[in-house]
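Coordinates in review
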Number of protein chains: 2
Amino acid sequence: MSEQCRVKVVEANAGEHSFWTLAGKNVYQVLEMMGYDVAGSCAGKGNCGKCKVRVQGAVSDMEALEQEYLMSEEIRQGVRLACYSVVKGDITIYLDIMPTGHDAKSRVLKYNPNSTGHSGVDYKYIFIPGRLNDQAVPLYDRIQTALPEYILNLSPGNLNELNKVDRPGRPTLELYAVLFDRREIRLVEREPQGLYGLALDLGTTSLFAALLDLETGAVLAMASQTNMQRIYGEDIISRITYSQTGNEAAESLHTVLINNLNAMIDDMLKESGLSAHRIFKVSAVGNPVMLHFLLGLDVSGFGTTPFTGLFTGGFSTRAADLGLNVSNLAVMQILPQLGGFVGADTTACLLTLGNCLQSTFLLIDIGTNGEIVLGHKGQMWASSAAAGPAFEGGALSSGMRAGSGAIDHFYYQDGKIDFTTIGEGRSRGICGSGIIDLLSVLLATDCISPGGNLTSMSSRYFPVREGSRGQEIVIITAEESLTGTPVVLNQEDIRQVQLAKGAIRTAIDILLRQARLKPADLEHIYMAGAFGSYLDAENLIRIGLLPTIDSSKVKNIGNAAAQGAILALMSTDIINEASKLKNKVAYIELADQADFQDVFLNNLNF
Amino acid sequence: MSEQCRVKVVEANAGEHSFWTLAGKNVYQVLEMMGYDVAGSCAGKGNCGKCKVRVQGAVSDMEALEQEYLMSEEIRQGVRLACYSVVKGDITIYLDIMPTGHDAKSRVLKYNPNSTGHSGVDYKYIFIPGRLNDQAVPLYDRIQTALPEYILNLSPGNLNELNKVDRPGRPTLELYAVLFDRREIRLVEREPQGLYGLALDLGTTSLFAALLDLETGAVLAMASQTNMQRIYGEDIISRITYSQTGNEAAESLHTVLINNLNAMIDDMLKESGLSAHRIFKVSAVGNPVMLHFLLGLDVSGFGTTPFTGLFTGGFSTRAADLGLNVSNLAVMQILPQLGGFVGADTTACLLTLGNCLQSTFLLIDIGTNGEIVLGHKGQMWASSAAAGPAFEGGALSSGMRAGSGAIDHFYYQDGKIDFTTIGEGRSRGICGSGIIDLLSVLLATDCISPGGNLTSMSSRYFPVREGSRGQEIVIITAEESLTGTPVVLNQEDIRQVQLAKGAIRTAIDILLRQARLKPADLEHIYMAGAFGSYLDAENLIRIGLLPTIDSSKVKNIGNAAAQGAILALMSTDIINEASKLKNKVAYIELADQADFQDVFLNNLNF
């Protein structure tokens, strides 16, 4: 069974749109993930009965408890409680019951179409004299005369198309000129056929794309797919290593990515009924290595110190030259990067912060690499910390990515350490948010010492045994696990988490020191990215990944990189702002700091 | 046997270059055609013995008379008299005996490489810090820093290439940036690999191309081929008609032309040992219909009144988009046209006149259409006259194009009308220059009345008979002709020539009137094009194609359109000048002139 299921959401006044999710999530979680404020007062715990939706497709059967919250009429209409309905395959959710806004896709992205500026591609209406029998003025000359202040650069094919409607006897011709960068006309058409743009966010693990109307800023379709480069390695370092095995290997990493993106473009075009040659602009963000793969650039510089690619700024190139299925006229603009492994995705996140850029803030995007930016009065310091794969489920005995069967949440209740699992079945591992929760709970219950050693207290809550990786607590036995392998946490796993959180905390500390600030000075901590969206602020503080501050200052800003890519697509001013931003950000190479090792060793403790 | 033979000319100090000619020409004629001042005092008549060359390949055997001019040592070395050696196939001519200049190709084109300005593509030498182990500045950023005042727009492929030489430990990197239009860097390379450009002159009958070094202006290779569009019609009107039979037909006219040009490019690249991706600029001239075919534009507007294409100005587009085998970076610039059927080839001719543009002059390019420009104190009037195919050998009973077996020259000598024939064999027809000479001689001998009627005098020189096209003089009988068909001139043929010369003379008269000038005011008459190159000025005046002026004012300027295309390739100033030129030229539509018919009827008389 494929883990990914397509969810279609239909709103009364806002059309419909589709999204991918994982089987095992319940509809409440899916809607929350998609940015809806789901009705209800119990936060999805199943005891308020308010999250009513109509669901069709592959969802779990109705439970007795759920039935109690619904009237028989509602049940007949297919109404369900979102928090009880577990996704088992492709489903359609009807939100005619729940109150919704009018632009669902924008809300999902926390993006306001009206807030954007000028996309750099727009229509200019002109009318020109028709072709008169006694007047020998060629079509091109008539168009140029009507547009004296613009550079006219039409293709022969475009001229031939226009010529078909330039019939003798027609007194005037109404035309719509497509204006690029407010100065160059590269297409003229008889009817405005729409101007569309593409925003791309290239993650190591997953790819995101949005199709927008360049005139209105409306989000017309979104697509998200697993980055299929994973066949060459789950993490970026494996892919870099693979790409160095030969020209063909390097080429294939580029090709797989382009195919991946074209499949997403294709999906979105089908959904919106548009054609590829109407996509006139592309903006792209991502980590530096992904951006190099996108352009087909050599990534070997990222394989060894000083970890430098071929460019750190922005980059613009004809999108079709890369193989992207868009108009030949479309330029792809990559946002400026910030240096080292801090890429255009981080720049994009910063762009979404708007006026908050002037506050004192931390922006943290945790993945295999953690990107951290500290801002203070408009000045910024950025760094990346090699967190390793612990938070993404790698390197741990029972680690896994967030998906069906993953324990995503641990909590202490009634003298017991309990947990929740994604999906309805048995557990088979622990994902990132679960690991952080588990460590936090184990610390709170003194099962782990501040130094990271399992104590004798742990046997109160879990069976403890000696394994090859040190002492080991058994969370789920082999018999109860989905896979027949027990779900465990051992001393070595704890060390891995210590290394990961220590790396990020070290980056935070060094940046704070660089700016001569204390944790208490921080007004906001923005957690970006899919992983950041599910983290519990208090647990992050307790394990020491974040410094001790008021947990209400921690805010999940969701997929901010994608939002930033959209803002850059929709506004040439934003691109300029991004270039200026780069100049305000000092990139700090942690390894170059004299006391990096000391700070790091200090931060290994919880 | 193919009529076309390849002639390779090898000079002692100027390398070698190749050219196409027709079998049947003698080497003296070939060298004259190619622009060499061939040694000798008898102008190729075979009685001075000075035009000594060494020839290898398919030439005629040595005649007894020729042998008398040569020493036995010379004969052993392969020395021949150019005027006696008839081309029968591919040959090589060694000019080590004849005095020659150092840039043969430029001389062929009457073009001075040193006179040009800035081609708009040049190298900029930079050096950047190398990749240091402790300094993480990406290559692109280092290049941008070295070129702060330029727009950097490199392809990913180019960056990857440079990355290969950016080895750690190399202290500095010397690079050569290719600068377009003095502001945009679109390629950076380790070693300057040369910047080359292509000049194209697209004629209805034949195509010309030259490959130039954009830095030095040197002509590296030239190619000339028959326009293979002739399979869709010899004349332009047939091709327009054919192209309207469907999209495929229109497409094929474009495709055949591009293939034709690519074959020429290929020849030149082989000859010069260069590769296509080093061609960074293309300039093209031609008549308006050929330019439309080049771009793949609809030509139907030229099929009916008011004979208007889709553009009259210049046009610039990415050359590779048209299918031309050149660099992706190359822009093709079409020179501005002057209106109606007066195309960029005429603009190009004007560009070669330089300061003479300020004089009072006529520029005449005779083909199926005659293009005529009258200049006076910097102001110009242009028109095209539908001369019809008479001067190109069409429409006449025994007309043919200049080629083997064509009578190309008639003259009165010792009470007889004699003639010369291209090639060594029998005659089979009369080409354009022969027709004009013949009419002139017949007029001089009173064989034709001023009204164009054959008189009884004609029987003094030729057998006269009655044919289906009126009275007919037999120049060569069926028995003596190459084809078994007699070579004749009849009353109807004379009418055709009257129509053709009348059309051109009418254009001249109307332009002169427009400018309020008299023929005597003319300081120069420039005859351009291959046809113009072989015309006898006095005969042109006698038949009334040119007004009565001092024949020394008539000057053959050779393939001026090609020269102009080269000037435009080599100088962005010339392109600007061409745009200004267009504004100084008033296009006069002859058919719109109230008294056009009267003037035309008057001009039918000789």
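The rules behind the values
Residues numbered from 1 in each chain as written. Chains lettered and ligands numbered in written order. Predicted model: local features only at pLDDT ≥ 70, side-chain atom pairs only at ≥ 80, totals over all residues. Helix = DSSP H or I, 4+ residues; strand = E, 2+ residues; numbered from the N terminus. Buried ≥ 20, exposed ≤ 12 C-beta atoms within 10 Å, placed from the backbone. Contact = placed C-beta atoms within 7 Å. Least-squares fit on C-alpha atoms with pLDDT ≥ 70 in both. Nonpolar A, V, L, I, M, F, W, Y, C, P; charged D, E, K, R; others polar. Pairing = 2+ DSSP bridges. Axes fitted to C-alpha atoms, helices over the stretch in contact; angles between N-to-C directions. Domains from an automatic or database assignment.

- Per an unreviewed UniProt entry, the recorded name for chain A is 2Fe-2S ferredoxin-type domain-containing protein, and the organism is Syntrophomonas zehnderi OL-4.

**Points about the environment of glycine 120 of chain A**
All names here are of chain A.
- Mapped onto the secondary structure, glycine 120 falls in the loop between helix H4 (104–108) and strand S6 (121–129).
- Residue classification places glycine 120 among the buried positions, given that 21 C-beta atoms sit within 10 Å.
- Sequence separation of glycine 120 and tyrosine 461 is 341 residues, and the distance between their C-alpha atoms is 61 Å.
- Excluding residues within four positions of it along the chain, glycine 120 makes contact with Phe180, Asp181, Lys281 and Thr572.

**Remarks on the relation of the copies chain B and chain A**
- The transformation that overlays chain B on chain A combines an axial shift of 0.1 Å with a rotation of 179°, and the residual RMSD is 0.2 Å. Taken together, the rotation angle and the small translation identify this as a two-fold axis. For chain B, the minimum C-alpha distance to the rotation axis belongs to aspartate 321 of chain B and amounts to 6.2 Å.

**A few points about the interface of chain B and chain A**
- Listed per partner, the contact involves 27 residues of chain B and 27 residues of chain A.
- Within the residue set of the side of chain B that touches chain A, elements represented by two or more residues are helix H5 (139–146) and helix H6 (156–165) of chain B.
- In the side of chain B that touches chain A, the residues fall into 12 nonpolar, 12 polar and three charged.

**With respect to the sheet that holds strand S8 (residues 172–180) of chain B**
All names here are of chain B.
- One open sheet holds the four strands; their spatial order is S6-S8-S9-S7, and the pairing between them is mixed. Every other strand in the sheet has two partners, leaving strand S6 (121–129) and strand S7 (151–152) as the edge strands with one partner each.
- Bridge count between S6 and S8: nine bridges; the pairing is antiparallel. The residue of S8 that forms the bridge with valine 121 is phenylalanine 180.
- Its contacts with the sheet place H5 against S6, S7 and strand S9 (184–189), and it is angled at close to 115° to S6.

**What to know about the domain arrangement of chain A**
All names here are of chain A.
- Structurally, chain A comprises domain 1 (4–100), domain 2 (121–189), domain 3 (198–334), domain 4 (353–388 + 499–597) and domain 5 (390–497).
- In this structure, domain 2 and domain 3 have C-alpha centres spaced 35 Å apart.
- Counting from both sides, the interface comprises five residues of domain 2 and, opposite them, five residues of domain 3.
- Those elements that provide at least two residues to the side of domain 2 that touches domain 3 are S6 and strand S9 (184–189).

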